[in-house]
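Now for the letters of each chain:
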Amino acid sequence: MKFLSVLIKPASSLCNLRCRYCFYEDVSRQREQMSYGVMTKGVMKHLIDRIFEAVDEDGTVVFAFQGGEPTLAGLSYYREFVVYVDSKKKNRTICYVLQTN
């Protein structure tokens, strides 16, 4: 595959903003488990490995982070994410997107 765009929710449905227009808080309250917390390092690395298995070595990957509120994962999460991607990317083009309020 030459191109893959992946939407990642690194902080599950965690959010501290309480926007009136947000539908996601109500949706998450209807679940058996409202939130799964911040994505573990193990899950993060497994996710990245699986994505790179699917994309050609000269392909393009877009990692898009969404919420809840993805910044609640913390700066250290994103630093580790980027370092791990860099160690695995080979000749792939990597793009990052962060959707936040």
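Structure: above.
Residues numbered from 1 in each chain as written. Predicted model: local features only at pLDDT ≥ 70, side-chain atom pairs only at ≥ 80, totals over all residues. Heavy atoms only, no water.

Student: Can you explain the sheet that holds strand β1 (residues 3-8)? Please cite residues and give values.
Tutor: In space, the 3 strands of this open sheet follow the order β1-β2-β3, with parallel pairing throughout. Each edge of the open sheet is held by one strand with a lone partner, namely β1 and β3 (93-98). Averaged over all adjacent pairs, the angle separating strand axes in this sheet is 15°, with direction ignored. Strand direction decides the pairing type here: strand β2 (residues 60-65) and β3, joined by 6 bridges, are parallel. Pairing of Val61 across the sheet is with Ile94, part of β3. Running over the sheet, helix α2 (residues 41-54) touches β1, β2 and β3 and is turned about 150° from β2. (Pairing = 2+ DSSP bridges. Helix = DSSP H or I, 4+ residues; strand = E, 2+ residues; numbered from the N terminus. Axes fitted to C-alpha atoms, helices over the stretch in contact; angles between N-to-C directions. Contact = heavy atoms within 4.5 Å.)

Student: Could you give me a rundown of the packing of aromatic side chains, with the residues and numbers involved?
Tutor: For any pair of aromatic rings, the description consists of the separation of the ring centres together with the inter-plane angle of the planes. Counting across every chain of the model gives 8 aromatic pairs. Ring plane angle 80° and centroid distance 5.0 Å describe the contact between Phe65 and Phe81, whose orientation is recorded as edge-to-face. Of this pair, Phe65 sits in strand β2 while Phe81 sits in helix α3 (residues 75-88); the two residues are 16 residues apart in sequence, bridging distant segments of the chain. Geometrically, the ring pair formed by Phe81 and Tyr96 is edge-to-face, given 6.4 Å between the ring centres and 75° between the ring planes. Residue Phe81 is located in helix α3, and its partner Tyr96 is located in strand β3; the two are separated by 15 residues in the primary sequence. Phe81 sits in the buried class, given a relative accessible area of 0%. (Phe/Tyr/Trp six-rings, centres within 6.5 Å; stacked < 30°, edge-to-face > 60°. Buried < 20%, exposed > 50% of the residue type's maximum accessible area, 1.4 Å probe, protein only.)

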